[in-house]
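Coordinate inspection notes
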Amino acid sequence: MPVVELEHPGRGIARLRIHRPDARNALNQEVRQLLGEHFAALSADGSVRAIILTGGDKYFAAGADIKAMAEAGAIDIMLRNTHLLWRTIAACPKPVIAAVNGYAWGGGCELAMHADMIVAGEGASFCQPEIKVGIMPGAGGTQRLTRAIGKFAAMKMLLTGLPMSAREALAAGLASEVVADELVQARALELAELIAAMPPLAVMQIKEVLLAGQDASLDTALMLERKAFQLLFASRDQKEGMQAFLEKRKPDFTGQ
Ligand code: COO
């Protein structure tokens, strides 16, 4: 099996699975490169409406590959340009659901936070232990974690390297749902199927406006929302959705 496997478990759904079990799915350059390539392709693929990102049933990802960094210097790390690969994931216009079993630690937690929803197994844990190996998060952890759980909880995780359980993550706002470990994949697929049946243009506008608006002033964010709301009235799916309601039938959304 490749270190990143692409499957299509349902109509309009893509699933990316990291597979480096001997290294607890640690993220080396090969994994990051393949994730970047897959997300670029899935972003452009009109047939894909929702994406599941997972590490399988045992671990999500135990962080960046320490073995691949231990001897690196600052210029080495800079020239890896990993931010360009992460940026491809962050720029994906389709909803991404992280299906997290086991460790989402370090870069693995940062990767999960690139997703739009996180379904965590009861046994999952989230951690930013970079400080314990002499560094700090470098793929958005200090920023996305703070936006997700707030300064005081984020500072505690970042400065102590202490893990957060799935239940704690749910309470803190770092997980969308917590389910039994053996149900994580099925629940993530269920959510992806729900989203894939929704009007794709509205789905993408909601994602884009929510993410762009969270760092803007309220007035600017509300303008973004207003413009996107108005734009959707130019879509066939808006006409189909409202007509289907009036005719008491199931809508057929085509993404136009
Ligand atoms: C991990 C863990 C707590 C998992 O603990 P386990 O007891 O389940 O597994 P092991 O510690 O025995 O690790 C198994 C295997 O995976 C071992 O390899 P071998 O010695 O060759 O058998 C580990 O070296 C390897 N492994 C696990 N995590 C990594 C790894 N290789 C390379 N890189 C990583 N990350 O034991 C644990 O604590 N892992 C380190 C967690 C961590 O510090 N992550 C942050 C890294 S820095 C970062 O992410 C920076 C981002 C910008 C998870």
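Overview of the structure. In this text the structure is predicted, and so the values were computed from the model without any measurement. (Residues numbered from 1 in each chain as written. Predicted model: local features only at pLDDT ≥ 70, side-chain atom pairs only at ≥ 80, totals over all residues. Heavy atoms only, no water.)

**Topic: the site of the ligand**
Around the ligand sit 20 residues, and of these Arg-24, Ala-62, Ala-64, Ile-66 and Gly-107 come closest. Take Ala-62: an N or O atom from its main chain is 3.0 Å from a nitrogen atom of the ligand. One of the backbone nitrogen or oxygen atoms of Ile-66 is found 2.9 Å away from a nitrogen atom of the ligand. The set of elements that each furnish at least two residues to the shell around the ligand consists of strand 5 (103–105) and helix 4 (107–114). For the shell around the ligand, the per-class residue count stands at 10 nonpolar, 4 polar and 6 charged. (Near = heavy atom within 4 Å. Polar contact = N/O pair within 3.5 Å; in protein donor to acceptor, adjacent residues only side chain to side chain. Helix = DSSP H or I, 4+ residues; strand = E, 2+ residues; numbered from the N terminus. Nonpolar A, V, L, I, M, F, W, Y, C, P; charged D, E, K, R; others polar.)

**Brief notes about a nonpolar patch on the surface**
Side chains of Ile-66, Val-133 and Ile-135 sit close together on the surface and give an oily, nonpolar patch of about 260 Å² of accessible area. Mapped onto the elements of the fold, Ile-66 is located in the loop between strand 3 (50–54) and helix 2 (74–79). (Patch = residues over 30% accessible without salt bridge, like charges linked within 9 Å, V, L, I, M, F, W, Y side chains within 5 Å. Areas by Shrake-Rupley, 256 points an atom, 1.4 Å probe, with all protein chains shown as cover. Salt bridge = Lys/Arg side-chain N within 4 Å of Asp/Glu carboxyl O.)

**Considerations on the side chain of Asn-25**
On the secondary structure map, Asn-25 appears in the loop between strand 2 (13–18) and helix 1 (29–44). Reaching out from Asn-25, the side chain makes a polar contact with the backbone nitrogen of Arg-20 at a distance of 2.8 Å.

**As for the side chain of Glu-5**
Along the chain, Glu-5 falls in strand 1 (residues 4–10). Buried Glu-5, no salt bridge; nearest opposite-charge side chain is Arg-17, N-O distance 5.0 Å. Ignoring sequence-local partners within four residues, the contact set of Glu-5 consists of Arg-15, Leu-16 and Arg-17. (Buried < 20%, exposed > 50% of the residue type's maximum accessible area, 1.4 Å probe, protein only. Lys, Arg positive; Asp, Glu negative; His and termini not counted. Contact = heavy atoms within 4.5 Å.)

**Quick look at the environment of Ile-77**
Here Ile-77 lies in helix 2. On a C-alpha basis, the gap between Ile-77 and Phe-253 in space is 45 Å, while along the polypeptide they are 176 residues apart. Every residue in contact with Ile-77, bar those within four places of it in the chain, is listed here: Met-69 and Ala-72.

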